[in-house]
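These are the residues of each chain, in order.
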Amino acid sequence: MSGTICAISTNASKASGINIIRMSGENSKEIIDRIFESKKIINKEMIPNMMYLGLINGGTFFEKALCVYFKAPYSYTGEDLVEIHCHGGIGVTQAILRILVDNGARIADPGEFSKRAFLNSKITLSEADGIFDMINAETEGQVRNAYKLMSGELTKGIYEGEKELEIACSMLEAKLDYPEEVEEDVFDLAKEKISIAKANAEAVLSKSKRAKTLNKGIDIAIVGIPNAGKSSLLNALLNEDRAIVSNIEGTTRDIIKESIEIEGLRINFLDTAGIRENEEVGEIEKLGIERSEQAIKKANICIFVQDSTKPNTPEEKRIEDLLKDSTVIKVVNKTDISKYPKEGILVSAKTGEGIDKLIEKIMDLSDQKEIFTEGVITSERHIFALNECIKYLDSALVNIDSLPAECTLADIKLGLKELGKITGHDATEEIINEVFSRFCVGK
Ligand SMILES: Nc1nc2c(ncn2[C@@H]2O[C@H](COP(=O)(O)OP(=O)(O)OP(=O)(O)O)[C@@H](O)[C@H]2O)c(=O)[nH]1
Ligand SMILES: [Mg+2]
């Protein structure tokens, strides 16, 4: 890639403490020498990786700034790279960017710094995916997972599988080129290699099952009869006065959705309309009840709130029937004024008693432990390529005993190509552009 590029790497859409402007490419050092002076820099000799305090001379303005020079190849992009840390004003940041352009740099495309890092072999394609996930992570759980991808922990098996397949390829190629000299057991050895690569691909793929939980969070519907204290419980869980609470039955009509993060996992609570069936139920409440029933079907977990000031009602029985296919946490509310013993986690939405036990139970059921210890593959590109790869390797394993070696070789190569789309070892320009164009400008 040619040219020296520059961009604001921080979010400069509003004033902040500092902004960082990045410049990468062969002329970076020359350009910074022209516009930046520091008492510590003598004869334009900047020690790489050292932060200098000095003055940006913009011709028509000055700015006191910090500057650091990373010498190729020891930079993020692998090229000469300069970072300017200036005051966080929109005007000053834009002005510095403008003088970089006036001095010959051009504004970077989205993700162009990272694309250069990839093209200069500083990062692999899956590491770039991890960097993207890290930038976009909103919960701590997503941060932990993005790091696993960025550091290569999640995709280790794919890289190892690639190596196994490469060895299998050279074995079969040798057999085809020198049939007399290569032993017959080469087929068994190749089979072993293909099986390892396939098992690795399957193991990584199995980590995609919980991708939705990690990104979208888990949906928990709060259900029960009217006045059981569902909205009060939502407020207690959120620790905020979110939903209207009243002693009138049928207060909540539409579903109220609110999310919180617990131990790094996003939890979406859905407060629903109380479920009942009698002549008092009007049209709007009826629609609300229908929505409650739909929410039960869609939710990952349902919290069934029972009112301990009332005896078991036929309506509660009906709700139990609706919940028979769901993962249910039974809660007994209003323990502060309880009259009837019921089965479940005892809470009082009013005093907050028992809420911690309820949260503990939610975390137990949300299989977050597995998400965080195993890691999760979230990229559609990765999932698709792994599935394709497994198909080709299956075919190779079937054909190796019956068809000519050329056929097996062709299958292995196709499988390798799929893994290469993840690692970047065989990524087309289209794939590379797809990965990096999602990035923001300045990354
Ligand atoms: N003493 C006491 N009162 C509670 C408790 N939880 C809820 N309440 C009261 O019970 C009444 C109903 O509470 P809501 O939270 O509106 O009940 P709901 O289940 O959302 O009712 P609908 O939206 O009508 O289905 C209100 O007057 C609350 O103040 C509790 O733990 N203790
Ligand atoms: Mg309510």
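Quick notes on the rules
Residues numbered from 1 in each chain as written. Chains lettered and ligands numbered in written order. Predicted model: local features only at pLDDT ≥ 70, side-chain atom pairs only at ≥ 80, totals over all residues. Pairing = 2+ DSSP bridges. Helix = DSSP H or I, 4+ residues; strand = E, 2+ residues; numbered from the N terminus. Buried ≥ 20, exposed ≤ 12 C-beta atoms within 10 Å, placed from the backbone. Arc of directions from axis to C-beta. Contact = placed C-beta atoms within 7 Å. Near = placed C-beta within 6 Å. Nonpolar A, V, L, I, M, F, W, Y, C, P; charged D, E, K, R; others polar.

A. Region of interest: the sheet that holds strand 13 (residues 345-346). The sheet built from six strands is open, its strands ordered 9-10-8-11-12-13 with mixed pairing. Looking at which strands have only one partner, the edges of the open sheet turn out to be strand 9 (256-262) and strand 13. Bridge analysis of strand 12 (residues 328-333) against strand 13 gives two bridges, and the strand direction is parallel. The partner of valine 331 across the bridge, within strand 13, is isoleucine 345.

B. Expanded view of helix 1 (residues 28-35). Taken residue by residue, helix 1 has Ser28, Lys29, Ile31, Ile32 and Ile35 as its buried positions. Buried residues along helix 1 cover an arc of 165° about the axis, so they all sit on one side. Looking at the buried side of helix 1, the elements it contacts are strand 2 (18-24), strand 3 (36-37), strand 4 (51-57), strand 5 (62-70), strand 6 (81-87) and helix 2 (90-102).

C. Representation of the site of ligand 1 in the model. Near ligand 1 you find 24 residues, and of these Gly229, Ser231, Ser232, Thr252 and Gly274 are the closest. Its residues assigned to classes, the shell around ligand 1 comprises six nonpolar, 13 polar and five charged.

D. Structural context of unusual backbone geometry. Here the residue pair alanine 72 and proline 73 is connected by a cis peptide bond, since its omega of 0° sits within 30 degrees of zero. Tracing the sequence through the fold places proline 73 in the loop between strand 5 and strand 6. Its identity as a non-glycine residue notwithstanding, asparagine 43 has a phi of 55°, on the positive side. Tracing the sequence through the fold places asparagine 43 in the loop between strand 3 and strand 4. Take asparagine 43: there are 5 C-beta atoms within 10 Å of it, and that puts it in the exposed class. Notably, asparagine 227 is not glycine yet its phi reads approximately 70°, a positive angle.

Functional significance is not addressed by these values, which are geometric in nature.
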